[in-house]
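Summary of structural features
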Amino acid sequence: MITHKGIIEQISGEKITVRILQQSACSSCHAKGACMASDSKEKLVDIPDHSGQFTLHEQVIIEGKESIGYKAVFWAFILPLLILIAMLVLTTSVWHFSETEAALSALLALAPYYLLLYLFRNSMAHTFQFSIKKNH
C-alpha cells in the first residue's frame, strides 16, 4: 500500500484537495545537505470523498494500491522507452536513416504519445485513485 501524510487544503463538494510532501528515498539521509540527489516536492492530490467527515486543515493519510504505482511507472517510463527503442531500430535498420535522423525521429515519435496521454488524462485519472482516512 502506498501511503502519504497530508493536510487538507480545500474541500469542494465531494472532492478533497490534500497537500502532501513527496520525498525522494534519500531525503532522510544524513548527507542530503551536500548531495544533489535528494529532493522533496509538495503535491496537491484530489480525492473523492462522500463521507463528509473531514475538515479544512486536518491532517490525514492518503492511501493507494501499490498497483497504481506500477501503472504510473509503466506509462511514464517503460512505454516511452520502448517507443524510443522501437523507433531507433526501425529508422536505422529498416529505413536506413543516419544516426542523427534516427535519434530525432525517435524523439519526435514521443510527441504523439504524450499528446495522447494529455488527451486521455481525465479518463486515466480514474485509474489512479487514492482513498483518504483520518490520521490517528
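Refer to the structure printed above.
Cut-offs and rules
- Residues numbered from 1 in each chain as written.
- Predicted model: local features only at pLDDT ≥ 70, side-chain atom pairs only at ≥ 80, totals over all residues.
- Heavy atoms only, no water.
- Helix = DSSP H or I, 4+ residues; strand = E, 2+ residues; numbered from the N terminus.
- Phe/Tyr/Trp six-rings, centres within 6.5 Å; stacked < 30°, edge-to-face > 60°.
- Buried < 20%, exposed > 50% of the residue type's maximum accessible area, 1.4 Å probe, protein only.
- Lys NZ or Arg CZ within 6 Å of the ring centre and 35° of its normal.

Structurally, L81 is set in helix α1 (residues 66-94). As a C-alpha pair, L81 and A106 span 25 residues in sequence and 9.9 Å in three-dimensional space.

This structure, assessed with the given rule, holds three aromatic pairs. Ring centres of W95 and F97 lie 6.1 Å apart, and the angle between their planes is 40°; this geometry places the pair in the tilted category. Ring geometry for Y113 and Y114: centres 5.1 Å apart, planes at 70°, overall edge-to-face. Residue classification places Y114 among the partly exposed residues on the basis of a relative accessible area of 39%. The aromatic ring of Y118 is capped on one face by R121, whose charged end is 4.0 Å from the ring centroid.

Coordinates in, geometry out; function isn't part of it.
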